[in-house]
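# Geometric and topological summary
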Amino acid sequence: MLCTVIGRDCKFGENVNLKDCVIGNHCQILDGAKLNRCVLMDSVTVGSNCTIQNSILCHNSMIQDNCNLNNCQVSYGAKVSKGSRLINEAVQQEDS
């Protein structure tokens with residue numbers, strides 16, 4: 001974990017790799033996730049085997065397993081579906 005700031009009560013799986021990140025409170029980052037130059041606000045979940053670079057994940061967002069995000073912004077409460085590959089995207093919360 002190089003030059004990374006981590007908030008309170010975060011949970012990390014095995015083989016998580018963080019570089020130059022800011023991680024908010026109550027975040028959960030599962031096994032094999034790799035994050036580089038990211039900001040995660042409070043209560044964000046990152047699924048297993050995700051690779052996320054140069055991205056901002058807002059409060060209560062969820063990135064499901066096996067996703068690859070590069071230069072993305074994920075809004076409050078938004079969910080990125082399993083296996084998604086996104087570049088230069090803004091992800092909004094879906095209306096119920």
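To be clear, the structure that these remarks concern was listed above.
Residues numbered from 1 in each chain as written. Predicted model: local features only at pLDDT ≥ 70, side-chain atom pairs only at ≥ 80, totals over all residues. Heavy atoms only, no water.

## Topic: the overall build of the protein chain
Each helix and strand counted, the protein chain has 0 helices and 16 strands in total. In terms of overall dimensions, the protein chain is globule-like: its C-alpha atoms have a radius of gyration of 12 Å, near the 12 Å expected for 96 residues. Referenced to the eigenvectors of the C-alpha coordinate spread, the extents of the protein chain come out at roughly 35 × 20 × 20 Å. The buried share among the 96 residues of the protein chain stands at 36%. A separation of at least 24 residues holds for 0% of the contacts in the protein chain among residues at least 6 apart in sequence. Summing over all exposed atoms, the protein chain offers an accessible surface of approximately 5,500 Å²; the carbon and sulfur share of this is 44%. In the protein chain, 8 side chains carry a positive charge and 9 a negative one; their mean positions are 5 Å apart. (Helix = DSSP H or I, 4+ residues; strand = E, 2+ residues; numbered from the N terminus. Rg over C-alpha atoms; globule rule 2.2 N^0.38 Å. Buried < 20%, exposed > 50% of the residue type's maximum accessible area, 1.4 Å probe, protein only. Contact = heavy atoms within 4.5 Å. Areas by Shrake-Rupley, 256 points an atom, 1.4 Å probe, with all protein chains shown as cover. Lys, Arg positive; Asp, Glu negative; His and termini not counted. Charge placed at Lys NZ, Arg CZ, Asp CG, Glu CD.)

## Some words on the sheet that holds strand β14 (residues 79–80)
Sheet architecture is open: 5 strands sit in the order β2-β5-β8-β11-β14, paired in parallel fashion. Only two strands of the sheet have a single partner each, and these edge strands are β2 (11–12) and β14. Pairing between strand β5 (residues 28–29) and strand β8 (residues 45–46): 2 bridges, direction parallel. Looking across to β8, one finds that Ile29 is bridged to Val46. (Pairing = 2+ DSSP bridges.)

## Concerning the sheet that holds strand β1 (residues 5–6)
In spatial order, the strands read β1-β4-β7-β10-β13-β16; together these 6 strands make up an open sheet with parallel pairing. The sheet is open, and its two edges are formed by β1 and β16 (90–91), each paired on a single side. Inspection of the sheet shows strand β10 (residues 56–57) paired to strand β13 (residues 73–74) by 2 bridges, in the parallel sense. Note that in β13 the partner of Ile56 across the bridge is Gln73.

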